[in-house]
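Tertiary structure, described
If you want the building blocks of each chain, they are given just below.
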Amino acid sequence: MKLLWTVGSRSTFGPNGHFPSGTKAKSTKTSVFTPLWARTASLLAQAAGQTHDIGKSSRRFQDKLNQQAPLKDDVRHEWISVKLLQALRQNGGDWVKSWEALKTRIGDFVLASRKIAPDSSEAISSATEAIDFLILSHHNLPLNDDNGNTNGPSIPTSGEWLVRTPDPCIEQISPAGFFSPAILDDYIKLEKKLLEKYDSDDTLFWRAILVYARAALIFADHVVSAEREKQPGKNDGTLYANTDWFESGKKDLNQPLEKHLKEVGKRAAEAVWHMAQLTALQQKRLHSRNLSGLSEESVEKIMASADPDGRFAWQNRCAQSLADMREKHPDCPVLVLNMAGTGSGKTRMNARIGCLLSREEQPRLSIALNLRSLTLQTGAALSADLGIGPDELATVIGDRTTQELFNKANALKNGRPSLDDPDNTDENLPESDFICVGNTHLTPEWMDAFLKKGSEKLLIGSPLLVSTVDFIIAAGTPGSQGHHVKALMRLMSSDLVLDEIDGYEPEAMVAVLRLVQLAALFRRNVICSSATLSLPVATAIERAFRSGVDMLNRLELHKKEGQLSLGFIRAMIDDELPPQTDYIEGENAGFSQTYQARLNDIARSVSQKPAYRKAMLHPVAIQTRTGWFNAVYDAACTMHRFQRWPFGQSGKYVSFGLIRVANVSTAIDLARFLARQMPNACLACYHSQEFLMARFHKERRLDQLLSRKNGNTAILNDPEIIRFIADTPAEDIPFIVVATPVEEIGRDHDFDWGVIEPSSSPSIVQTAGRINRHRLVINPSPNVAILQFNLKHCINAENDRAEMAAFIYPGYEKQGKRKGGFKTHDLAELLPWTVENDVPVLKIDARLRFDTDTCLLAGEDDKTITARLAPYYGTDGHFVRQPVHSWLLTKGPYDRTPLRDRSTQKQQWKVVYDDGQTDFYKLERVIDPKTGRVIDDWRRQTRTSICQTAALPNAWLDASPEKMMALCAEMDIPQERGMQAELLSYRPDARFDYDLGFGIKRIKT
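Predicted model, so just to flag it, every value in this text is computed and none were measured.

**A look at the pairing of strand S13 (residues 526-529)**
Of the two faces of S13, the one lined by Val526 and Cys528 and the one lined by Ile527 and Ser529 are each fully buried. With four bridges joining them, strand S12 (residues 495-499) and S13 adopt parallel strand pairing. Residue pairing in the sheet places Val497 in a bridge with Ile527 of S13. On the question of chirality, the crossover connecting S12 to the parallel S13 by way of helix H18 (residues 506-521) is right-handed.

**Overview of H18**
End to end, H18 covers 23 Å across 16 residues, agreeing with the expected 22 Å (1.5 Å per residue, within 8%). The buried count for H18 comes to 15 of 16 residues, which makes it a mostly enclosed element. Arg523 sits one or two positions beyond H18 and adopts a positive phi of about 60°.

**Notes on the sheet that holds strand S30 (residues 991-995)**
Here we have three strands laid out as an open sheet, ordered S28-S30-S31, and mixed in their pairing. If you trace the sheet from one side to the other, it starts and ends with strand S28 (946-949) and strand S31 (999-1003), each paired once. Mean inter-strand twist for the sheet, computed between neighbouring axes without regard to direction, equals 25°. With four bridges connecting them, S28 and S30 associate as parallel partners. Looking at the pairing, Ile946 lines up with Phe992 of S30.

**A word on the pattern of salt bridges**
It is possible for side chains of opposite charge to pair when their charged atoms get near one another. Counted by the stated rule, this structure contains 60 salt bridges. Asp732 serves as the salt-bridge partner of Arg644, at 2.9 Å between the closest nitrogen and oxygen. Highlighted residues: Arg644 in the loop between helix H21 (625-643) and strand S17 (645-646) and Asp732 in strand S20 (residues 732-739), separated in sequence by 88 residues. Under the relative-accessibility criterion, Arg644 is labelled partly exposed at 33%. On the basis of relative accessible area, Asp732 is assigned to the partly exposed category, the value being 24%.

**What about the sheet that holds strand S27 (residues 934-940)?**
Ordered by their spatial adjacency, four strands build an open sheet running S27-S26-S25-S29, and the pairing between neighbours is antiparallel. For this open sheet the edge positions go to S27 and strand S29 (980-985), each flanked by a neighbour on one side alone. Sheet twist, expressed as the mean angle between neighbouring strand axes with direction ignored, is 30°. Direction of pairing for strand S26 (residues 917-927) relative to S27: antiparallel, over a ladder of seven bridges. Across the sheet, the residue bridging to Ile927 is Val934, located in S27. Sheet contacts for helix H32 (residues 961-971): strand S25 (905-914) and S26; angle to S25, the most-contacted strand, approximately 90°.

**Here we look at the packing of aromatic side chains**
In the structure shown here, the tally under the stated rule is 23 aromatic pairs. Seen in terms of ring centroids, Trp79 and Phe109 are 5.4 Å apart; in terms of plane orientation they differ by 35°. Their pairing is tilted. Linking Trp79 in helix H3 (residues 77-90) with Phe109 in the loop between helix H4 (95-101) and strand S1 (110-111), this pair joins segments that are 30 residues apart in sequence. The buried category is assigned to Phe109, whose relative accessible area is 5%. Judged by centre distance (5.5 Å) and plane angle (70°), the rings of Trp628 and Phe629 are edge-to-face. In terms of burial, Trp628 and Phe629 fall into one category: buried. Here the aromatic residues Tyr872, Tyr873, Phe879, Trp887 and Tyr894 are joined through ring pairs into a cluster of three or more.

**Some words on the confidence of the model for the protein**
The pLDDT averaged across the protein works out to 87; a share of 87% of its residues lies at or above 70. pLDDT under 50 marks residues 25-30. Its contacts with residues more than four places away, or in other chains, come to zero contacts. Confidence over residues 416-425 falls short of pLDDT 50; this stretch has 18 contacts with residues more than four positions distant or in other chains.

**Quick look at the environment of Trp37**
Tracing the sequence through the fold places Trp37 in helix H1 (residues 36-51). Expressed as a C-alpha distance, the spacing of Trp37 and Tyr198, which sit 161 residues apart in the sequence, is 8.3 Å. Ignoring anything within four residues of it in the chain, the contact list for Trp37 reads Ile209, Tyr212, Ala276, Thr279, Leu555 and Glu556.

**A short note on the packing of helix H5 (residues 127-136) against helix H7 (residues 203-225)**
Taken N-terminus to C-terminus, the directions of H5 and H7 make an angle of 40°; their axes are 11 Å apart at the nearest point. Relative to H7, H5 is oriented oblique. The handedness of the crossing between H5 and H7 is right-handed. Of the residues in H7, those in contact with Ala127, Ala130, Phe133 and Leu134 of H5 are Trp206, Leu210, Ala213, Arg214 and Leu217.

**Observations regarding unusual backbone geometry**
The amide bond that connects Tyr809 to the next residue, Pro810, takes the cis arrangement and shows omega of 5°. Mapped onto the secondary structure, Pro810 falls in the loop between helix H27 (791-798) and helix H28 (827-830). Even without a glycine there, the phi angle at Arg105 is positive, about 50°. Looking at where Arg105 falls in the secondary structure, it is placed in the loop between H4 and S1. Arg105 sits in the exposed class, given a relative accessible area of 59%. At Tyr809, a position not held by glycine, the phi torsion is positive, near 50°.

**Concerning the packing of helix H10 (residues 314-328) against helix H11 (residues 346-357)**
Taken N-terminus to C-terminus, the directions of H10 and H11 make an angle of 20°; their axes are 10 Å apart at the nearest point. On the basis of their axis angle, the class for H10 and H11 is roughly parallel. Our pair here, H10 against H11, has a crossing hand that is right-handed. Two secondary-structure elements touch here, H10 through Trp314, Gln315, Asn316, Cys318, Ala319, Leu322, Ala323 and Arg326 and H11 through Met349, Arg352, Ile353, Leu356 and Leu357. When the residues that make up the contact of H10 with H11 are grouped by side-chain class, the tally is nine nonpolar, two polar and two charged.

**Examining the nonpolar core**
Leu337, Met489, Ile541 and Tyr595 are the most contacted members of the largest nonpolar core, which totals 156 residues. Broken down by element, this core gets its largest block of residues, 17 residues, from H7. Both domains that furnish three or more residues to this core are identified here as domain 1 (36-284) and domain 2 (296-412 + 433-587). Once residues lying within four places of it in the same chain are set aside, the contact partners of Tyr595 are Leu337, Met339, Leu533, Ser534, Leu535, Ala538 and Met572. The next biggest cluster of nonpolar side chains, apart from the first, holds 43 residues, and it includes Ile771, Ile786, Trp833 and Leu957.

**A short note on the side chain of Arg514**
The residue Arg514 is located in helix H18 in this model. Of the side chains bearing the opposite charge, Asp895 lies closest to the buried Arg514, which forms no salt bridge; the N-O distance is 8.2 Å. If near-sequence neighbours (up to four positions away) are discounted, Arg514 is found in contact with Gly476, Thr477, Tyr873, Phe879, Pro893, Tyr894 and Thr897.

**Brief notes about the environment of Asn799**
In this structure, Asn799 sits in the loop between H27 and H28. Given a relative accessible area of 44%, Asn799 falls into the partly exposed group.

Definitions and limits used
- Residues numbered from 1 in each chain as written.
- Predicted model: local features only at pLDDT ≥ 70, side-chain atom pairs only at ≥ 80, totals over all residues.
- Heavy atoms only, no water.
- Buried < 20%, exposed > 50% of the residue type's maximum accessible area, 1.4 Å probe, protein only.
- Helix = DSSP H or I, 4+ residues; strand = E, 2+ residues; numbered from the N terminus.
- Pairing = 2+ DSSP bridges.
- Right-handed = clockwise from strand over helix to strand, strands pointing away.
- Expected span 1.5 Å × (residues − 1).
- Axes fitted to C-alpha atoms, helices over the stretch in contact; angles between N-to-C directions.
- Salt bridge = Lys/Arg side-chain N within 4 Å of Asp/Glu carboxyl O.
- Contact = heavy atoms within 4.5 Å.
- Phe/Tyr/Trp six-rings, centres within 6.5 Å; stacked < 30°, edge-to-face > 60°.
- pLDDT = per-residue confidence, 0-100.
- Parallel < 35°, antiparallel > 145°, perpendicular 65-115°, else oblique.
- Left-handed = near helix turned anticlockwise from the far one by under 90°.
- Nonpolar A, V, L, I, M, F, W, Y, C, P; charged D, E, K, R; others polar.
- Core = buried A, V, L, I, M, F, W, Y, C linked by side-chain atoms within 4.5 Å.
- Domains from an automatic or database assignment.
- Lys, Arg positive; Asp, Glu negative; His and termini not counted.

Pasting the structure below:
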């Protein structure tokens, strides 16, 4: 009998659907083994929780709760809590003397009795230091003393965030009252137990322990602080922790401080135990207290073998090799590097690997991707191809309108209807809200008070989560507090798939590598996939995973002399070579050589295949902006001439070409230039800076036309294209899409030809993957033109600065200096050309990324990627070095390596079209004149903020405001949302140019 579905909680049913006819409660508690490290973390969290807010007993904070003092403190309450606890340890528990001690040297950054200084810069090395750090960081991480202005690591500081002035007012460091003896007595017992049984000076051990203990403390503080007392508190001398809005509509005193401390300590200890159960996979899961996984039916579908004679047969070989290795080593974590080529079924194979390697009866997976569009496509593919429904699959993006448009477009395509789908006295930071699609899942009762929204339950509870990496990245960003804990619980409870992992800038890659490291700590499997997975990225991934396994061993082997350490399985798979799986123990320093040897073997294998993408070097004779634009025009004309084909019986010739450029401004300017130079061509411009409905229109039309698995059928039968051909008297009609890197990854389009402005070796390989993608026609003429120089270099050369960095934004040449780090910017030298008929030509395949001996550009890319990753995940990088540096206790390393560029600002705009009049509005923070509160409000903008440019006659796939209104009505999307745009700028007063044919660009000033 197979369990297909349940009514109610799946946890009440057995794995095959059995249900008890009756139950009887036992008086004895079920015995569950709790490892030593979990007991240590539990005691830590309880001790910190018991004292985390004792600083709120100051006169200043109590006055603030009674609205008799300014909201901004001279010294934050968590720092006073730490300093007070340290003084209590030194003064034998004397509260009066301890408060008095706060009047001197309150700004010194001391943990336990050790002052963190350049000559004493190690991170946590004792239980009391760990307690102090938990208390001071339960709302945020401290700053580091250089404010990010130096290249090296630096020690923590209390300045700016914790201590705003070294001479706080007397009310800030004076008690408003005292606690009962039980608060300190209970804490002393907990601290004594920690010091007697579980103390250690191993910084890596404490780093691992604090991941759990800090998450549990934040969890408990959020949960307890959100609870409202039955009645408001009385101003009778009782100390209070916070305020709340009561039914009377009045904001009043809420939780007594002593009760708050005891509850947070108790629940923090419980939370550690629950979180340990999420990762305790070596024992049978406590299903009633944990999360559900994929059903047996879904696992069977995912695990189904590929056709042994088909193009996906490689998957069967790899699956068998992994299964054999898993049988030999059933308990260790696994790292899989999937380097299969484009169109080889990596998405499905990754899910298959996840189920195959899982140590759970019901596997759980998190698939994280970098692009919203790719996230939606992956979720749709898993649903359509494998029949996984919304009861088990959740898709996460950041924009509700984008999701609705995707759903409705899919529904129309498939011929079926779509489904409708200043009061912060606890000082917890605001959290991101993510849009989730899928059925709400039952989560364990202990999580319910923390996961208040249905979307949050979906994020944690869904057996299969397909998400933009923006949600789960917070697991490795400890300063994001509540969001950090939610992402951490997801990472603890599911294996991880990172698709297109090399699609990040190196600093963003560091943020992703922290996920890899934590997943290994949680004994989770990690699957990283990309067709262009380079040696520096693979080496950093392996080092991060190995470091996580080291932390896991420090936990598991703490005070267990003679026990063998745990290793891990490392697998390298692709569609060219036999799989390579190894069990790794110890240092095993030879990974780079092993991986490079495999890349060499892949290069030799692909060299034997036909040339589906043949590139020619297109010269840029005059290195100026104008010279570059003219060179692109010449290249487009050449490519059309080589790749044009007859349009039915019309007697005319067409081609569909892609011109890849580095950024939005260049794309719009180039589209305008080409539209004027080529009046018989149809020009479209595809990029991210569009009103939502305009971008949707372009993506939908390109998807319809350029899905060419059945050849040119869709194009030949398209009414709009037929009309264009009939209305154009010229014999040659090229259809050209000028696109930014949004086209490189995630768009399943098949163009006839491409012109590439190079940014990096991966950008060339990925862009070329959109050429001849489905049809795989062998053509003797080149179908790709690679420009000799990119525009950035030409502008630099025009201004006598040719030596400045050119392969940047995007690209890897940046090394913290404006001067370029590459030997040359000339693609004639950077790529391994051969000469045919006096023309340099090149077969584009994986060798262009992997063969650094013959491809200088790949070598230069690898050199700079290595240099930018090295400070963090190099041999002695900050995140893998031992002993652990105190810099990791601060915001510094996380602020320097964010997932997204924080120098850019997102502005929300909308366009309103009424009776022939177009107006633009921007969402601004303003003061509500009625309430005096700060609110978001749409404000009409003048033409000095945004100007409007008419569409050129041959603009293709354009969507005017009037047309966007019609599309909103067609897709049943409110105009308020469908006609919005999220624009990026570097300053709040940025000005924009709205080209009705080609989109929006920022006006440089």
